[in-house]
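The primary structure of each chain is shown beneath.
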Amino acid sequence: MNQDRNQDQLHPFIFEQSAVRGNCVQLDQSLSTALEHQTLPPVLKKAIGEFTAASVLLTATLKMQGKLILQLQSQGALQLLVVECTSGLNIRATAKVSGELHGDHLTAWLKQGQLVITLMPEEGEPYQGIVPLEGDSIASMLENYMLRSQQIDTRLWLASDGERASGLLLQKLPQQQESDLDCWNRVQHLAGTVTDQELLNLDTVTLLQRLFVEEDVRLFSGRDVQAFCSCSQTSVTNMLQMLGMAEVRSIIEEQGSVQIQCDFCNKHYVVDEQEALALFDEDDDHEVTH
(Lines give C-alpha, C1' and ligand atoms only; values in the text may rest on other atoms or scores of the structure.)
Protein backbone atom coordinates (compact mmCIF):
# COMPACT_ATOMS: atom_id res chain seq x y z
CA MET A 1 0.00 0.00 0.00
CA ASN A 2 1.21 3.48 -0.79
CA GLN A 3 2.40 4.95 2.50
CA ASP A 4 1.80 8.50 1.24
CA ARG A 5 -1.90 7.83 1.01
CA ASN A 6 -3.96 10.56 2.75
CA GLN A 7 -5.30 8.43 5.57
CA ASP A 8 -8.63 9.44 7.12
CA GLN A 9 -8.99 12.63 5.15
CA LEU A 10 -11.44 14.22 2.76
CA HIS A 11 -10.16 16.45 -0.04
CA PRO A 12 -12.49 18.79 -1.96
CA PHE A 13 -11.54 19.84 -5.49
CA ILE A 14 -13.00 21.75 -8.43
CA PHE A 15 -12.52 21.82 -12.17
CA GLU A 16 -11.68 25.38 -13.16
CA GLN A 17 -13.99 27.23 -15.57
CA SER A 18 -16.75 24.67 -15.00
CA ALA A 19 -19.71 23.92 -12.74
CA VAL A 20 -18.20 20.60 -11.65
CA ARG A 21 -16.88 19.97 -8.16
CA GLY A 22 -15.65 16.86 -6.41
CA ASN A 23 -14.62 15.24 -3.17
CA CYS A 24 -12.19 12.42 -2.53
CA VAL A 25 -12.09 10.52 0.77
CA GLN A 26 -9.96 7.81 2.33
CA LEU A 27 -10.84 6.02 5.56
CA ASP A 28 -8.41 3.82 7.46
CA GLN A 29 -8.25 3.99 11.26
CA SER A 30 -11.55 5.86 11.46
CA LEU A 31 -13.43 2.96 9.84
CA SER A 32 -11.67 0.34 11.97
CA THR A 33 -12.44 2.30 15.14
CA ALA A 34 -16.08 2.81 14.16
CA LEU A 35 -16.58 -0.96 13.78
CA GLU A 36 -14.16 -2.37 16.38
CA HIS A 37 -16.83 -3.22 18.98
CA GLN A 38 -19.23 -4.88 16.53
CA THR A 39 -19.18 -8.50 15.40
CA LEU A 40 -19.86 -8.28 11.67
CA PRO A 41 -18.99 -10.62 8.78
CA PRO A 42 -16.23 -9.27 6.50
CA VAL A 43 -18.57 -9.02 3.51
CA LEU A 44 -20.88 -6.74 5.50
CA LYS A 45 -17.95 -4.62 6.71
CA LYS A 46 -17.13 -4.03 3.05
CA ALA A 47 -20.64 -2.68 2.40
CA ILE A 48 -20.53 -0.54 5.55
CA GLY A 49 -17.17 0.84 4.42
CA GLU A 50 -18.63 1.97 1.10
CA PHE A 51 -21.70 3.44 2.79
CA THR A 52 -19.52 5.30 5.29
CA ALA A 53 -17.26 6.73 2.57
CA ALA A 54 -20.39 7.89 0.71
CA SER A 55 -21.74 9.59 3.84
CA VAL A 56 -18.56 11.63 4.23
CA LEU A 57 -18.52 12.58 0.54
CA LEU A 58 -22.14 13.75 0.66
CA THR A 59 -21.84 15.52 4.03
CA ALA A 60 -18.96 17.58 2.67
CA THR A 61 -21.24 18.94 -0.08
CA LEU A 62 -23.68 20.38 2.48
CA LYS A 63 -23.48 23.89 3.87
CA MET A 64 -25.35 23.09 7.07
CA GLN A 65 -23.92 22.47 10.53
CA GLY A 66 -25.36 19.26 11.91
CA LYS A 67 -25.34 15.67 10.73
CA LEU A 68 -26.32 13.47 7.81
CA ILE A 69 -27.82 10.02 8.46
CA LEU A 70 -27.87 7.43 5.67
CA GLN A 71 -30.01 4.31 6.11
CA LEU A 72 -30.70 1.23 4.03
CA GLN A 73 -33.83 -0.50 5.35
CA SER A 74 -35.18 -3.78 4.02
CA GLN A 75 -37.23 -6.89 4.77
CA GLY A 76 -34.34 -9.09 3.66
CA ALA A 77 -31.36 -10.54 5.52
CA LEU A 78 -29.87 -7.06 5.83
CA GLN A 79 -32.58 -5.28 7.78
CA LEU A 80 -30.74 -2.06 8.51
CA LEU A 81 -27.49 -0.37 7.57
CA VAL A 82 -27.05 3.05 9.11
CA VAL A 83 -24.21 5.57 8.98
CA GLU A 84 -24.03 8.99 10.60
CA CYS A 85 -21.59 11.73 9.61
CA THR A 86 -21.45 15.13 11.28
CA SER A 87 -20.51 18.37 9.56
CA GLY A 88 -17.21 18.04 11.45
CA LEU A 89 -16.70 14.67 9.69
CA ASN A 90 -17.17 12.49 12.75
CA ILE A 91 -18.53 9.10 11.70
CA ARG A 92 -20.28 6.12 13.26
CA ALA A 93 -21.95 3.11 11.63
CA THR A 94 -23.82 -0.09 12.42
CA ALA A 95 -25.97 -2.78 10.82
CA LYS A 96 -28.71 -5.23 11.80
CA VAL A 97 -28.89 -8.64 10.15
CA SER A 98 -31.55 -11.36 10.28
CA GLY A 99 -30.16 -14.81 9.55
CA GLU A 100 -27.32 -15.55 7.16
CA LEU A 101 -25.97 -13.21 4.50
CA HIS A 102 -25.85 -15.42 1.41
CA GLY A 103 -23.64 -14.37 -1.46
CA ASP A 104 -21.19 -11.51 -1.48
CA HIS A 105 -23.32 -8.80 -3.05
CA LEU A 106 -25.49 -6.24 -1.30
CA THR A 107 -28.53 -6.71 -3.54
CA ALA A 108 -28.83 -10.37 -2.47
CA TRP A 109 -29.46 -9.25 1.11
CA LEU A 110 -32.12 -6.65 0.34
CA LYS A 111 -35.84 -7.22 -0.10
CA GLN A 112 -38.46 -4.49 -0.46
CA GLY A 113 -35.81 -2.01 0.57
CA GLN A 114 -35.71 1.74 0.82
CA LEU A 115 -33.05 4.38 1.14
CA VAL A 116 -33.58 7.00 3.84
CA ILE A 117 -31.50 10.17 4.00
CA THR A 118 -31.99 12.42 7.02
CA LEU A 119 -30.46 15.87 7.48
CA MET A 120 -30.41 17.07 11.09
CA PRO A 121 -29.21 20.68 11.22
CA GLU A 122 -28.14 22.16 14.55
CA GLU A 123 -30.59 24.97 13.82
CA GLY A 124 -33.86 24.50 11.98
CA GLU A 125 -36.07 21.54 11.19
CA PRO A 126 -34.81 18.09 10.17
CA TYR A 127 -35.38 16.95 6.59
CA GLN A 128 -35.94 13.36 5.52
CA GLY A 129 -36.08 11.85 2.05
CA ILE A 130 -37.24 8.26 1.45
CA VAL A 131 -37.01 6.50 -1.92
CA PRO A 132 -37.22 2.86 -3.08
CA LEU A 133 -33.87 1.25 -3.74
CA GLU A 134 -32.87 1.62 -7.37
CA GLY A 135 -29.53 0.30 -8.57
CA ASP A 136 -27.25 -2.67 -7.99
CA SER A 137 -24.69 -0.91 -5.77
CA ILE A 138 -24.52 1.65 -2.97
CA ALA A 139 -23.09 4.17 -5.43
CA SER A 140 -25.91 3.77 -7.98
CA MET A 141 -28.59 3.84 -5.25
CA LEU A 142 -27.28 7.16 -3.96
CA GLU A 143 -26.84 8.58 -7.46
CA ASN A 144 -30.49 7.81 -8.21
CA TYR A 145 -31.56 9.41 -4.94
CA MET A 146 -29.61 12.61 -5.61
CA LEU A 147 -31.01 12.93 -9.12
CA ARG A 148 -34.62 12.20 -8.15
CA SER A 149 -34.85 13.98 -4.81
CA GLN A 150 -32.28 16.76 -5.06
CA GLN A 151 -32.15 17.25 -8.85
CA ILE A 152 -28.36 17.31 -8.66
CA ASP A 153 -26.26 15.30 -11.12
CA THR A 154 -24.00 13.22 -8.88
CA ARG A 155 -21.59 10.37 -9.65
CA LEU A 156 -19.98 8.18 -7.01
CA TRP A 157 -17.19 5.61 -7.11
CA LEU A 158 -16.75 3.65 -3.87
CA ALA A 159 -14.34 0.92 -2.77
CA SER A 160 -13.81 -0.96 0.49
CA ASP A 161 -12.02 -4.08 1.66
CA GLY A 162 -13.70 -4.07 5.07
CA GLU A 163 -10.70 -2.54 6.80
CA ARG A 164 -10.34 0.58 4.62
CA ALA A 165 -12.68 2.48 2.38
CA SER A 166 -12.34 5.18 -0.24
CA GLY A 167 -14.59 7.16 -2.49
CA LEU A 168 -14.74 9.74 -5.25
CA LEU A 169 -17.70 12.09 -5.82
CA LEU A 170 -18.39 14.37 -8.76
CA GLN A 171 -21.28 16.83 -8.88
CA LYS A 172 -22.52 19.20 -11.54
CA LEU A 173 -23.82 22.29 -9.80
CA PRO A 174 -26.97 23.75 -11.37
CA GLN A 175 -27.26 27.43 -12.32
CA GLN A 176 -23.55 28.15 -12.11
CA GLN A 177 -21.56 30.06 -14.72
CA GLU A 178 -19.24 27.88 -16.77
CA SER A 179 -17.20 28.27 -19.90
CA ASP A 180 -16.24 24.60 -20.25
CA LEU A 181 -19.65 23.20 -21.17
CA ASP A 182 -18.40 19.69 -21.97
CA CYS A 183 -16.56 19.29 -18.67
CA TRP A 184 -19.26 17.22 -16.93
CA ASN A 185 -19.50 14.62 -19.68
CA ARG A 186 -15.74 14.45 -20.03
CA VAL A 187 -14.70 14.12 -16.38
CA GLN A 188 -17.34 11.57 -15.41
CA HIS A 189 -16.17 9.41 -18.32
CA LEU A 190 -12.56 9.76 -17.11
CA ALA A 191 -13.51 9.01 -13.50
CA GLY A 192 -15.33 5.90 -14.69
CA THR A 193 -11.97 4.34 -15.54
CA VAL A 194 -10.91 4.26 -11.86
CA THR A 195 -10.34 0.84 -10.27
CA ASP A 196 -11.04 -0.23 -6.69
CA GLN A 197 -7.32 -0.76 -6.15
CA GLU A 198 -6.54 2.78 -7.29
CA LEU A 199 -9.19 4.21 -4.97
CA LEU A 200 -7.90 2.20 -2.02
CA ASN A 201 -4.17 2.57 -2.54
CA LEU A 202 -3.37 5.89 -4.22
CA ASP A 203 -3.08 9.20 -2.40
CA THR A 204 -5.46 11.92 -3.57
CA VAL A 205 -2.93 13.92 -5.60
CA THR A 206 -1.73 10.85 -7.50
CA LEU A 207 -5.29 9.61 -8.05
CA LEU A 208 -6.53 12.92 -9.46
CA GLN A 209 -3.44 13.30 -11.65
CA ARG A 210 -3.91 9.80 -13.04
CA LEU A 211 -7.62 10.29 -13.77
CA PHE A 212 -7.63 13.92 -14.91
CA VAL A 213 -4.15 14.48 -16.34
CA GLU A 214 -5.38 16.93 -19.00
CA GLU A 215 -7.84 18.78 -16.74
CA ASP A 216 -7.36 22.00 -14.78
CA VAL A 217 -8.05 20.74 -11.25
CA ARG A 218 -7.75 22.84 -8.11
CA LEU A 219 -7.30 20.71 -4.98
CA PHE A 220 -8.14 22.14 -1.56
CA SER A 221 -6.67 21.28 1.83
CA GLY A 222 -7.71 18.00 3.40
CA ARG A 223 -10.13 17.68 6.31
CA ASP A 224 -9.65 15.00 8.96
CA VAL A 225 -12.24 12.25 9.41
CA GLN A 226 -12.54 10.41 12.72
CA ALA A 227 -14.79 7.89 14.42
CA PHE A 228 -16.85 9.28 17.26
CA CYS A 229 -19.93 7.87 18.98
CA SER A 230 -22.31 10.50 20.29
CA CYS A 231 -24.08 8.21 22.77
CA SER A 232 -24.08 9.50 26.35
CA GLN A 233 -25.84 9.21 29.69
CA THR A 234 -27.75 12.34 28.72
CA SER A 235 -29.06 10.77 25.50
CA VAL A 236 -30.15 7.69 27.49
CA THR A 237 -31.96 9.95 29.97
CA ASN A 238 -33.71 11.78 27.14
CA MET A 239 -34.81 8.50 25.59
CA LEU A 240 -36.30 7.27 28.89
CA GLN A 241 -38.19 10.52 29.34
CA MET A 242 -39.64 10.09 25.84
CA LEU A 243 -40.75 6.54 26.71
CA GLY A 244 -42.73 7.87 29.68
CA MET A 245 -43.16 6.80 33.27
CA ALA A 246 -45.51 3.86 32.58
CA GLU A 247 -43.17 2.19 30.09
CA VAL A 248 -40.07 2.78 32.23
CA ARG A 249 -41.83 1.42 35.32
CA SER A 250 -42.85 -1.76 33.46
CA ILE A 251 -39.24 -2.31 32.32
CA ILE A 252 -38.00 -1.95 35.90
CA GLU A 253 -40.65 -4.35 37.23
CA GLU A 254 -39.57 -6.92 34.66
CA GLN A 255 -35.78 -6.46 34.74
CA GLY A 256 -34.98 -4.61 37.98
CA SER A 257 -33.26 -1.77 36.11
CA VAL A 258 -33.09 -0.22 32.65
CA GLN A 259 -30.17 -1.55 30.61
CA ILE A 260 -29.28 -0.10 27.22
CA GLN A 261 -26.52 -1.16 24.85
CA CYS A 262 -25.33 1.30 22.20
CA ASP A 263 -25.62 -0.33 18.75
CA PHE A 264 -22.70 1.71 17.44
CA CYS A 265 -19.97 1.50 20.10
CA ASN A 266 -21.38 -1.29 22.31
CA LYS A 267 -21.18 0.87 25.44
CA HIS A 268 -23.46 -0.42 28.20
CA TYR A 269 -25.67 1.92 30.22
CA VAL A 270 -27.52 0.91 33.39
CA VAL A 271 -30.15 3.11 35.05
CA ASP A 272 -31.42 1.78 38.39
CA GLU A 273 -34.97 2.17 39.68
CA GLN A 274 -34.27 5.23 41.83
CA GLU A 275 -32.45 7.05 39.00
CA ALA A 276 -35.12 6.15 36.44
CA LEU A 277 -38.11 7.23 38.52
CA ALA A 278 -36.32 10.46 39.51
CA LEU A 279 -36.54 11.50 35.85
CA PHE A 280 -40.28 12.02 36.22
CA ASP A 281 -42.01 14.43 38.55
CA GLU A 282 -44.56 13.24 41.09
CA ASP A 283 -47.49 14.41 38.99
CA ASP A 284 -46.49 11.88 36.32
CA ASP A 285 -46.43 9.19 38.96
CA HIS A 286 -49.95 10.02 40.15
CA GLU A 287 -51.23 9.99 36.59
CA VAL A 288 -49.83 6.51 36.06
CA THR A 289 -50.87 4.94 39.34
CA HIS A 290 -54.43 6.29 39.60
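Provided above is the structure to which this section pertains.
Everything numeric here is computed off the predicted structure, so don't read it as measured data. (Residues numbered from 1 in each chain as written. Predicted model: local features only at pLDDT ≥ 70, side-chain atom pairs only at ≥ 80, totals over all residues. Heavy atoms only, no water.)

> Hey, could you run me through the overall build of the chain in this one?
A count of helices and strands for the chain gives 10 helices and 14 strands. By its C-alpha atoms, the chain is 75 × 40 × 35 Å across when sized along the principal axes. When burial is assessed residue by residue, the chain has 48% of its 290 residues classed as buried. Sequence separation of at least 24 residues holds for 63% of the intrachain contacts in the chain that already meet a minimum separation of 6. Only carbon and sulfur atoms are counted for the fraction: they give 46% of the accessible area of the chain, which is about 14,900 Å². Computed over 19 positive and 41 negative side-chain charges, the separation of the two mean positions in the chain equals 7 Å. (Helix = DSSP H or I, 4+ residues; strand = E, 2+ residues; numbered from the N terminus. Buried < 20%, exposed > 50% of the residue type's maximum accessible area, 1.4 Å probe, protein only. Contact = heavy atoms within 4.5 Å. Areas by Shrake-Rupley, 256 points an atom, 1.4 Å probe, with all protein chains shown as cover. Lys, Arg positive; Asp, Glu negative; His and termini not counted. Charge placed at Lys NZ, Arg CZ, Asp CG, Glu CD.)

> So what exactly am I meant to see when it comes to the nonpolar core here?
What tends to happen in soluble globular proteins is that the nonpolar side chains get buried as a cluster. In this structure, Leu78, Leu81, Leu106 and Leu142 are the most contacted members of the largest nonpolar core, which totals 46 residues. Sorting elements by how many residues they give to this core places helix H2 (residues 42–59) first, with nine residues. Contacts of Leu142, omitting those with residues within four sequence positions, involve Ala54, Leu58, Leu70, Leu115, Ile117 and Leu156. (Core = buried A, V, L, I, M, F, W, Y, C linked by side-chain atoms within 4.5 Å.)

> In this structure, what is going on with the pattern of salt bridges? I would like to understand it.
Two side chains carrying opposite charge are able to pair once their charged atoms lie near each other. Scanning the entire structure with this criterion turns up 10 salt bridges. Measuring nitrogen to oxygen at the nearest pair gives 3.1 Å for the salt bridge that ties Arg164 to Asp161. For Arg164, a relative accessible area of 14% puts it in the buried group. Note on Asp161: relative accessible area 38%, which makes it partly exposed. (Salt bridge = Lys/Arg side-chain N within 4 Å of Asp/Glu carboxyl O.)

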